[in-house]
Amino acid sequence: MRGYLRAGYPFLAVESHEEERVLEALAALGRELGRPVRPISVTAARRKDVEHDARTCLDAVSAHPDAAIFVLLDFHPFLGDPIVVRLVRDLRGRLEGRSQSLIFLSPHVELPVELETDFVVLEWPLPDAATLRALLEAEARAARVPLDAELAAASVRAVQGLTFASSRRAFRRALGEPDGLPSGNTEGLVAEKRRILKRTDLLELIDTPPALDAVGGLGALKAWLLEREAGFGEQARAFGLPSPKGLLLVGVQGCGKSLSAKAVARAWGLPLARLDFSALFTYGRSPEQSLRRVLRLAETLSPIVLWLDEIDKVFKSVGEDESGSEELQRLFAAFITWLQEKTAPAFVVATANAVDRLPPELLRKGRFDEIFFVDLPSLAERSDILGIHLRAHRRDPARYDLAELASSCEHMSGAELEQIVIGGLFRAFRDGRDLTMDDLRIVAKATVPLYRTYEDQIKALREWAKTRARRASTDHGLAELWAGQR
Ligand SMILES: Nc1ncnc2c1ncn2[C@@H]1O[C@H](COP(=O)(O)OP(=O)(O)OP(=O)(O)O)[C@@H](O)[C@H]1O
Ligand SMILES: [Mg+2]
């Protein structure tokens, strides 16, 4: 902002919910540059009994002879008026000649095409940790709640990503509740953040992601995750390692891609947020703008795992000339640029099913650290997965012959194996006894795996993956299976 003002840019637009904070910062900048800040809003004009509309506001700007920074508050609704738009454009020469700048400040900036190229649109950064720390300390003093360093740091981490005003509200509430900050509990703050993020609908914080040992098989993927975990620390930076960027999991449906994506967060002890790409299109502003906002938010929340599920569904028409809309192309370009250039430790885990729909640019080196292919589970992996689901339903796997069951479940996915355990439990429950091996056998026998229907697609997927992805499984049984397929 300082740079633009110093360089004498006449037109700027700032998108922020934090009017007060932005005006304060602008006032400081204005003092530094010797250009007083003049906030203007249609309601302010009304109070002074002047004719109060957008045009009068602009006339007032036009009539002002001295250096100044005009801040037009919540002006965007008036930009639908062609005369207002023209008046703004007419101001350009005047503003430049008098070292004046005109800034639109509102929570939502959407410029008409006539103004798009004239304006520089800036997003106001959310408060950083030091600012939040100072705020918290001031609030705690006022509430007479003593905070130790650890609790203060945890509280700041808990609200990071919120605006200044929301953080203050969250701090006040948590300081005022006896079982909140006074008893060392930051859960209220985290809940507040989740509530606020929920309202944006673009980033969803996920409470308790599954642990890595809820994922059966996929040994190579797990080994990679454990190796890369250390990549997040200061020591890794000092050693010269780049911060891990992200992971793409492609593969057969129901084999644990989404499950593993979530488990990464738990394995690395990081918060997990899900970014819903399709929601970007329904958010009431340009998807690209929404994306930038949500990525910036993710960066403020980092270190974090950012989960993008089923990206093939969103990006399927990128590159197809007719159906791929320009909006989507821009969104995609913005996303891969961010992926490549981000420095914040926001680790992206993306999943995809139909790889032929993925734009090749996404798969290029430098976008993701690794691309893993998740195949149907091998014999040993099936037995592992069955054991996990028996345990999840409070049954001791040792009481069942998993090797036999697994061998009768050829071509089944993890999701189908889970259904076998559940189906068996239903049978047993119906008959008023505990689960037996027979229940599992019978349900397995009656199950027709999706493989029957999708055999060709799955084989094509394997073929694709051979040269483009690493196998997520360490199991050698699969290698034979692959060889047999040729
Ligand atoms: N490897 C596995 N280990 C344990 N459970 C699994 C595994 N794979 C799948 N499951 C079970 O099946 C469910 C569905 O799996 P998941 O959603 O991860 O599949 P997916 O690969 O994302 O499929 P899709 O392509 O359809 O999105 C999981 O929640 C889990 O209960
Ligand atoms: Mg999935």
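Residues numbered from 1 in each chain as written. Chains lettered and ligands numbered in written order. Predicted model: local features only at pLDDT ≥ 70, side-chain atom pairs only at ≥ 80, totals over all residues. Heavy atoms only, no water.

Draft legend 1. Focus on the environment of E326. Secondary-structure assignment places E326 in helix α16 (residues 326-341). Overall, E326 belongs to the exposed group, its relative accessible area being 59%. (Helix = DSSP H or I, 4+ residues; strand = E, 2+ residues; numbered from the N terminus. Buried < 20%, exposed > 50% of the residue type's maximum accessible area, 1.4 Å probe, protein only.)

Draft legend 2. Representation of the domain arrangement of the protein within the structure. For the protein, the assigned domains are domain 1 (2-123), domain 2 (129-199), domain 3 (212-374) and domain 4 (379-449). Taking only C-alpha atoms into account, the centre of domain 2 sits 47 Å from that of domain 4. (Domains from an automatic or database assignment.)

Draft legend 3. Structural detail: the side chain of E381. On the secondary structure map, E381 appears in helix α18 (residues 379-392). Notably, E381 is buried but unbridged: the nearest opposite-charge side chain belongs to R382, and the N-O separation is 7.6 Å. A polar side-chain atom of E381 sits 2.9 Å from a polar atom in the side chain of S473. (Lys, Arg positive; Asp, Glu negative; His and termini not counted. Salt bridge = Lys/Arg side-chain N within 4 Å of Asp/Glu carboxyl O. Polar contact = N/O pair within 3.5 Å; in protein donor to acceptor, adjacent residues only side chain to side chain.)

Draft legend 4. Local environment of the site of ligand 1. As a structural note, the neighbourhood of ligand 1 is formed by 18 residues, with G216, G254, K257, N353 and E418 the closest of them. The contact in question runs from a nitrogen atom of ligand 1 to an N or O atom on the backbone of G256, over 3.1 Å. Here an oxygen atom of ligand 1 and a backbone polar atom of A415 are 3.4 Å apart. Coverage of ligand 1 by the protein amounts to 82% of the 630 Å² it exposes when considered alone. Elements with a minimum of two residues in the shell around ligand 1: α13 (257-268), α18 and α20 (414-430). (Near = heavy atom within 4 Å. Areas by Shrake-Rupley, 256 points an atom, 1.4 Å probe, with all protein chains shown as cover.)

Draft legend 5. Quick look at the packing of aromatic side chains. By the definition in use, this model includes 13 aromatic pairs. Ring centres of F315 and F332 lie 4.9 Å apart, and the angle between their planes is 70 degrees; this geometry places the pair in the edge-to-face category. Note that F315 is positioned in helix α15 (residues 311-315) and F332 in helix α16, a separation of 17 residues in sequence. For F332, a relative accessible area of 3% corresponds to the buried category. Linked through ring pairs, F11, F75, F78, F104 and F119 together constitute an aromatic cluster. (Phe/Tyr/Trp six-rings, centres within 6.5 Å; stacked < 30°, edge-to-face > 60°.)

Draft legend 6. Examining the layout of surface pockets more closely. One number sums up the size of the largest pocket: a volume of about 580 Å³. Contributing to the lining of the largest pocket are 23 residues, with R157, A158, V190, K193 and P271 lying nearest its centre. Of all the elements in the fold, those that place two or more residues in the lining of the largest pocket are α8 (149-159), α10 (187-200), β6 (203-206) and α14 (287-301). Taken together, the residues of the lining of the largest pocket sort by class into 12 nonpolar, five polar and six charged. Both domains that furnish three or more residues to the lining of the largest pocket are identified here as domain 2 (129-199) and domain 3 (212-374). (1 Å grid on protein atoms, 1.4 Å probe; cavity = no way out; pocket = protein on both sides within 12 Å on 5 of 7 lines; lining within 4 Å. Points joined across faces, edges and corners; volume = space filled by probe spheres on them. Nonpolar A, V, L, I, M, F, W, Y, C, P; charged D, E, K, R; others polar.)

Draft legend 7. Here's a closer look at the environment of L417. As for its position among the elements, L417 is in helix α20. A residue is classified by how much of its surface remains accessible, and L417, at 0% relative accessible area, is buried. Residues L417 and A444, 27 residues apart in the sequence, show an inter-C-alpha distance of 8.2 Å. The contacts of L417, once residues within four sequence positions are left out, are P377, R382, I385, L386, C409 and M412. (Contact = heavy atoms within 4.5 Å.)

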